[in-house]
Amino acid sequence: MKVVLFCGGYGLRMRNGSPDDIPKPMAMVGPRPLIWHVMRYYAHYGHTEFILCLGYGAHHIKNFFLTYEETTSNDFVLHNGRTELLSTDIADWKITFVQTGIESPIGERLRRVRHHLDGDEMFLANYADVLTDAPLPEMIDRFARRDAGASMTVVPPQSSFHCVDLAENGLVGGITAVSELPLWENGGYFVLRQEIFDHIPEDGDLVADGCAELAKRGRLVAYQHRGFWKPTDTVKERAALDTAYARGDRPWAVWERDGAGTAAAGSRDGAEARTA
């Protein structure tokens, strides 16, 4: 299945006052940017055809893949000036880079890449900045068996704050952690059918317009995931993931847990593998 990734936003909360124009999906976690971790997740489950919805800082994303160095994250043998990769990350990936506008809402970005989906009945979509260990094959299978237009992964509230139950006289009747409330948040990781395009207007939003309308029609389902799920909306959240990566605590790296990457097919000249 094709994977649409939304990676054109400003990511202002990730900038930490920096004047540079690096988009949020290019923030580093370990030796690779966020978008690489998300794409490796999908590729591990066999989904290696990606459509990147670019916008702000698009040249950073393009340059990363055009100058991709496989040796950064793969073992290799160097002999007589030639590099033989023992495994590879992206050699079998097909990546389509599409400029979808600087200010475009996510729904509009999706509309602008519709023709790249070739009319596929089902496809995957994500924000390119959220990491998880959710079982993707199960998510897809459950949705495929349902008569619905879209599925979104939902997760328990991530806030560390507490809700306070107040009586009219100002007395506190109880305190409950937000994470313990019977609520669910949109966790991204969408499985979509072409039907979604019927409900996203020009300059519309994927969730507020498309998914909301499907929900009204009883055509939206949710996959409840209580496992690992972490957003990277802020510098603090990105730093926490980077620290976890350094100490080997990376449950989102299902490709490490479930087996090694694809073996490299023979020797390669140089140390770089480039995408088409």
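Residues numbered from 1 in each chain as written. Predicted model: local features only at pLDDT ≥ 70, side-chain atom pairs only at ≥ 80, totals over all residues. Heavy atoms only, no water.

You'll find the protein entered in an unreviewed UniProt entry as Glucose-1-phosphate cytidylyltransferase, with Streptomyces qinzhouensis given as the organism.

Visitor: Lay out the packing of aromatic side chains in plain terms, naming residues and giving numbers.
Guide: This model, assessed by the stated rule, comprises 15 aromatic pairs. Within the aromatic cluster, the residues linked to one another by ring pairs are Y41, Y42, Y45 and Y189. When the ring centre of F143 is taken as reference, the NZ or CZ atom of R193 above it lies at 4.4 Å. The ring centre of Y245 lies 4.0 Å from the NZ or CZ of R250, which sits over that ring. (Phe/Tyr/Trp six-rings, centres within 6.5 Å; stacked < 30°, edge-to-face > 60°. Lys NZ or Arg CZ within 6 Å of the ring centre and 35° of its normal.)

Visitor: Break down the pattern of salt bridges for me, with residues and values.
Guide: Counted by the stated rule, this structure contains 17 salt bridges. For E121, the salt bridge goes to R193, with nearest N and O atoms at 3.3 Å. Within this pair, whereas E121 is found in the loop between α4 (106-112) and β8 (122-126), its partner R193 is found in strand β14 (residues 190-193), the two being separated by 72 residues in sequence. What makes E121 exposed here is its relative accessible area of 52%. (Salt bridge = Lys/Arg side-chain N within 4 Å of Asp/Glu carboxyl O. Helix = DSSP H or I, 4+ residues; strand = E, 2+ residues; numbered from the N terminus. Buried < 20%, exposed > 50% of the residue type's maximum accessible area, 1.4 Å probe, protein only.)

Visitor: Let's hear about unusual backbone geometry: which residues, and what values?
Guide: Positive phi, normally seen in glycine, also occurs at N80, with a value near 55°. Looking at N80, the relative accessible area reads 67%, which means it is exposed. Although it is not a glycine, D118 sits at a positive phi angle of roughly 55°. Mapped onto the elements, D118 comes out in the loop between α4 and β8.

Visitor: Describe in detail the nonpolar core, supporting the description with residues and values.
Guide: L5, Y42, F50 and L52 are the most contacted members of the largest nonpolar core, which has 49 residues in total. Excluding residues that lie within four positions of it along the chain, L5 makes contacts with I35, V38, M39, Y42, F50, I51, L52, C53, N126 and A128. Core analysis: the next-biggest nonpolar cluster, separate from the first, contains 22 residues, A125, V154, F197 and L206 among them. (Core = buried A, V, L, I, M, F, W, Y, C linked by side-chain atoms within 4.5 Å. Contact = heavy atoms within 4.5 Å.)

Visitor: Describe in detail the side chain of H47, supporting the description with residues and values.
Guide: The topology assignment puts H47 in the loop between α2 (34-44) and β4 (49-54). Other than its neighbours up to four places away in sequence, H47 contacts M1, V3, Y42, L124, L136 and I140.

Visitor: Can you tell me about the pairing of strand β6 (residues 82-85), naming the residues and giving the values?
Guide: Along β6, the buried face is formed by T83 and L85; none of R82 and E84, which line the opposite face, is buried. With four bridges connecting them, strand β5 (residues 76-79) and β6 associate as antiparallel partners. Counted as the bridge partner of V77 is E84 from β6. The turn linking β5 back onto β6 is made up of two residues, and N80 within it adopts a positive phi angle of 55°. (Pairing = 2+ DSSP bridges.)

Visitor: Tell me about a nonpolar patch on the surface, and please be specific about residues and values.
Guide: Residues V164, L166, V172 and I175 make up a contiguous nonpolar surface patch of about 390 Å² in total accessible area. Taken together, the elements giving at least two residues each to the nonpolar patch come down to β11 (162-166) and β12 (172-177). Turning to its location among the elements, L166 is positioned in strand β11. (Patch = residues over 30% accessible without salt bridge, like charges linked within 9 Å, V, L, I, M, F, W, Y side chains within 5 Å. Areas by Shrake-Rupley, 256 points an atom, 1.4 Å probe, with all protein chains shown as cover.)

Visitor: Can you explain helix α3 (residues 58-66)? Please cite residues and give values.
Guide: Within α3, burial applies to A58, I61, F64 and F65. One side of α3 carries all its buried residues, which in axial view fall inside an arc of 130°. Check the buried side of α3 and you find it contacts β1 (2-7), β3 (32-33), α2, β4 and β7 (94-99). (Arc of directions from axis to C-beta.)

Visitor: If you had to explain α2 to someone new, which residues and values would you point to?
Guide: For α2, the buried fraction is high: 10 of the 11 residues fall into the buried class. Burial in α2 covers these residues: L34, I35, W36, H37, V38, M39, R40, Y41, Y42 and A43. G46 sits one or two positions beyond α2 and adopts a positive phi of about 95°.

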